[in-house]
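# Tertiary structure, described
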Amino acid sequence: MDILRPLLLRAVTLFGVLIAVLVLLAASLGATGFSDRILEATVNEEIRGLRSSLAGSIRDPDELERTLQTRAAELRASYGLDRPWWVRIPGLVTRVLTLDLGDARSIRSYSGSTRIADIILERLPNTILLLTTSTILVALIGIAAGVWLSTRIGSRIDRFITYLAAISNALPTWWLGILLILLFTYRLGWLPSEGMYSVPPPEGGWPRFLDLLRHSVLPVMTLVLVSIGPSIYSVRTLTLNIAQEDHVNVARAKGMPERVVLWRHILRVAAPPIVTGLILGLAGSLGGSILVETIFNWSGMGRLYYDAIAGTPDEGLIVALTFMFTLIYVLARLLLEFLYLVLDPRVRYEEAVGRPA
């Protein structure tokens with residue numbers, strides 16, 4: 001219960017932030033006429049389909065046009081196009097929340113659907129798979145290497161890895177991805193350069209999984225290499241600073257084994273800021289995933305974002321994807337708040353002290 005109460009308060013706060021962002025998005029879409037163009041495109045698409053279906057039953061061209069105009073007026077009224085944009089803000093916020101922004105212009109889902117919600121929900125697991133895998137690897141390598149380096153400050157390996165961390169932080173994601181393709185695909189011939197599966201994809205669960213694993217090596221490696229340097233350096237710095245605290249010196253003076261001191265008195269205290277960097281790094285890597293998924297033709301939301309912009313701009317799809325990236329960031333913040341409450345009892349204590357009796 002001590003954890004649940006502050007967590008619910010933070011969830012309500014973050015949900016309020018999400019709604020505020022959506023209201024601002026809806027206001028900007030309405031003020032610039034973007035919302036009108038999206039809804040007009042939706043109406044025109046429905047009228048185009050209705051024209052094809054009625055052309056065989058209504059032979060008179062004038063009657064067909066009157067029927068279509070009547071239906072178009074009804075659709076515009078149902079979408080609120082007969083009202084000012086500021087009156088339509090609640091409806092627009094609801095449509096963005098449910099990804100109900102009509103049909104995409106030129107992009108379809110794998111099942112053939114043109115609904116924006118179907119397209120995004122089909123690509124979302126692929127992006128989550130790519131980002132979570134790279135984040136877990138960065139966390140494991142960063143924590144292990146950073147803690148190990150904090151006990152070897154000033155050594156050659158410490159200076160060497162510090163230089164590598166600076167280089168990793170400066171590497172452009174797109175450049176590194178192209179370099180890995182040139183090396184591992186065209187030079188060595190070890191790994192595929194694009195896609196999630198071979199063509200044709202293998203049949204069966206285990207062969208299909210191995211094929212997916214093989215295709216994911218290069219994009220995951222790219223995301224890990226551009227993130228691992230800052231992760232190692234931040235963990236090293238945090239653990240080094242905490243290792244000089246009085247409670248660590250007292251633990252060593254009591255004769256505790258160095259491994260116990262390291263994991264119980266140093267790493268446990270450093271866990272909240274380390275987790276903060278990892279979770280915010282996951283949210284921040286969404287921008288990098290657009291480049292990585294485009295370079296490796298990975299069928300996720302990043303590649304979908306590029307397709308929605310690079311070809312004929314698809315306004316509804318761009319808006320929905322922007323909302324999804326914002327939602328992922330808010331969910332990452334909520335996860336961070338929960339982990340803070342679990343890892344740092346002082347947060348729960350401060351919440352209890354700060355509440356009025």
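Residues numbered from 1 in each chain as written. Predicted model: local features only at pLDDT ≥ 70, side-chain atom pairs only at ≥ 80, totals over all residues. Heavy atoms only, no water.

## Remarks on the overall build of the protein chain
To keep it simple, the criterion reads: Only DSSP runs of H or I with at least four residues qualify as helices, and only runs of E with at least two residues qualify as strands; both kinds are numbered from the N terminus onward. As a reference, a globule follows 2.2 Å times the number of residues to the power 0.38, and the radius of gyration itself is taken over C-alpha atoms. In this scheme, a residue with accessible area under 20% of its type's maximum is buried, one over 50% is exposed, and one in between is partly exposed, where area comes from a 1.4 Å probe on protein chains only. Using the Shrake-Rupley algorithm and a 1.4 Å probe, accessible areas are obtained, with residue cover drawn only from the displayed protein chains. Two residue types count as positive, namely Lys and Arg, and two as negative, namely Asp and Glu; His and chain ends fall outside the count. To locate a charge, take NZ of a lysine, CZ of an arginine, CG of an aspartate or CD of a glutamate.
Summing up its helical and strand segments, the protein chain has 13 helices and zero strands in all. The N-to-C order of helical and strand elements in the protein chain reads α-α-α-α-α-α-α-α-α-α-α-α-α. Its C-alpha radius of gyration of 26 Å places the protein chain more than 25% over the 21 Å reference for a compact globule of 357 residues. If you line up the protein chain on its principal axes, its C-alpha atoms span 95 × 70 × 40 Å. Taken across its 357 residues, the protein chain has 41% of its residues classed as buried. Of the roughly 19,700 Å² of accessible surface on the protein chain, a fraction of 64% belongs to carbon and sulfur atoms. Side chains of the protein chain give 33 positive and 30 negative charges; the mean places of these two sets differ by 10 Å.

## Section: the side chain of serine 299
To keep things clear, this is the line we draw: A 3.5 Å cut-off defines polar contacts: any pair of N or O atoms within that distance qualifies, except that in protein one atom must be a possible hydrogen donor and the other a possible acceptor, and neighbouring residues in sequence count only when both atoms are side-chain atoms. Here a residue-residue contact requires only that any non-hydrogen atoms of the pair lie within 4.5 Å.
Within the fold, serine 299 resides in the loop between helix 10 (258–295) and helix 11 (301–310). A residue is classified by how much of its surface remains accessible, and serine 299, at 19% relative accessible area, is buried. Side-chain polar atoms of serine 299 contact the side chain of tyrosine 110, separated by 3.0 Å. Once you skip the residues sitting within four places of it in the chain, serine 299 turns out to touch Tyr110, Arg123, Asn126 and Met196.

## With respect to the packing of aromatic side chains
Convention followed: Side-chain rings of Phe, Tyr and Trp (the six-membered ring for Trp) are treated as a pair once their centres are within 6.5 Å; stacked means planes under 30 degrees apart, edge-to-face means over 60, and tilted covers the remaining angles. Any Lys NZ or Arg CZ found within 6 Å of a ring centre and within 35 degrees of that ring's normal is scored as a charge over the ring.
Considering all chains together, one arrives at three aromatic pairs under this definition. In this structure, arginine 208 is placed above the aromatic ring of tyrosine 197, and the distance from its NZ or CZ to the ring centre is 4.2 Å.

## Examining a nonpolar patch on the surface
For clarity, the cut-off: Patch membership needs two things, relative accessible area over 30% and no salt bridge, and members are linked within 9 Å if like-charged or within 5 Å if nonpolar (Val, Leu, Ile, Met, Phe, Trp, Tyr). The term salt bridge refers to a pairing of a side-chain nitrogen on Lys or Arg with a carboxyl oxygen on Asp or Glu at a separation within 4 Å.
A contiguous nonpolar surface patch, about 740 Å² in accessible area, is contributed by Trp174, Trp175, Ile178, Leu179, Leu182, Tyr186 and Leu291. Tallying contributions element by element places helix 7 (residues 173–187) first for the nonpolar patch, with six residues. Looking at the secondary structure, you find leucine 182 in helix 7. On the basis of relative accessibility, which here comes to 48%, the residue leucine 182 falls in the partly exposed class.

## Digging into the packing of helix 5 (residues 116–150) against helix 11
Selection criterion: Note on geometry: axes are C-alpha line fits, over the in-contact stretch for helices, and angles between N-to-C directions span 0 to 180 degrees. Note that the term roughly parallel is reserved for angles under 35 degrees, roughly antiparallel for angles over 145, roughly perpendicular for angles of 65 to 115, and oblique for everything else. We call Asp, Glu, Lys and Arg charged. Ala, Val, Leu, Ile, Met, Phe, Trp, Tyr, Cys and Pro are nonpolar, and the rest, Gly among them, are polar.
Two elements in contact, helix 5 and helix 11, have axes separated by 8 Å at closest approach and are oriented at 135°. Relative to helix 11, the element helix 5 lies oblique. Here Ile119, Ile120, Arg123, Leu124 and Thr127 of helix 5 lie close against helix 11, whose contacting residues are Met301, Gly302, Arg303 and Leu304. Within the contact of helix 5 with helix 11, the residues separate by chemical class into five nonpolar, two polar and two charged.

## A closer look at the pattern of salt bridges
In this structure the tally under the stated criterion is six salt bridges. Arginine 76 is paired through a salt bridge with glutamate 40; the nearest N and O atoms lie 3.4 Å apart. Remark: glutamate 40 occurs in helix 2 (residues 34–54) and arginine 76 occurs in helix 3 (residues 61–79); sequence separation between them is 36 residues. When its relative accessible area of 26% is taken as the criterion, glutamate 40 is described as partly exposed. The partner of arginine 303 in a salt bridge is aspartate 307, with the nearest N and O atoms 3.3 Å apart. With arginine 303 and aspartate 307 both in helix 11 and four residues apart, this pair spans about one turn of that helix.

## Section: the environment of asparagine 44
By the secondary structure assignment, asparagine 44 is in helix 2. Classification of asparagine 44 by relative accessible area gives partly exposed; the value is 36%. In this structure the C-alpha to C-alpha distance between asparagine 44 and leucine 75, which are 31 residues apart in sequence, comes to 9.6 Å.

## A short note on the environment of methionine 256
Within the element layout of this structure, methionine 256 appears in the loop between helix 9 (246–253) and helix 10. Ignoring sequence-local partners within four residues, the contact set of methionine 256 consists of Ala251, Val261 and His265.

## Let's talk about unusual backbone geometry
In this structure, asparagine 297 is a non-glycine residue whose phi angle is positive, near 55°. Counting through the fold element by element, asparagine 297 comes out in the loop between helix 10 and helix 11. By relative accessible area, asparagine 297 is classed as partly exposed at 30%.

## Examining the confidence of the model for the protein chain
Put simply, the rule is: Confidence scores labelled pLDDT are given residue by residue by the predictor and lie between 0 and 100.
This prediction gives the protein chain a mean pLDDT of 79; 90% of its residues lie at or above 70. Per-element averaging of pLDDT across the protein chain places helix 13 (residues 345–354) at the bottom with 50 and helix 7 at the top with 89. Counting interchain partners and residues more than four positions distant, the pLDDT-below-50 stretch residues 349–354 has two contacts.

## What to know about the packing of helix 6 (residues 156–170) against helix 8 (residues 205–243)
Put simply, the rule is: Crossing chirality is assigned from the near helix's rotation relative to the far helix, an anticlockwise turn below a right angle marking it left-handed and a clockwise turn marking it right-handed.
Relative to each other, helix 6 and helix 8 sit at 135°, their axes nearing to 7 Å. In terms of their interaxial angle, helix 6 and helix 8 are classed as oblique. Crossing geometry of helix 6 relative to helix 8 is assigned as left-handed. Along the contact surface, helix 6 presents Asp158, Ile161, Thr162, Ala165, Ser168 and Asn169, while helix 8 presents Leu225, Val226, Ser227, Ile228, Gly229, Pro230, Ile232, Tyr233 and Arg236.

## Describing the nonpolar core
Let me state the cut-off plainly: Nonpolar core, defined: a set of buried Ala, Val, Leu, Ile, Met, Phe, Trp, Tyr and Cys residues in which side-chain atoms within 4.5 Å join the residues together.
Membership of the largest hydrophobic core comes to 37 residues, with the highest contact counts inside it found for Leu130, Leu218, Ile232, Ile266 and Ile274. Elements supplying a minimum of two residues to this core: helix 5, helix 7, helix 8, helix 9 and helix 10. The residues contacting isoleucine 232, other than those within four sequence positions of it, are Ile141, Gly142, Ala145, Gly146, Leu149 and Ile161. Ranked by size, the runner-up nonpolar core spans 31 residues in total, among them Ala26, Val96, Ile120 and Leu304.

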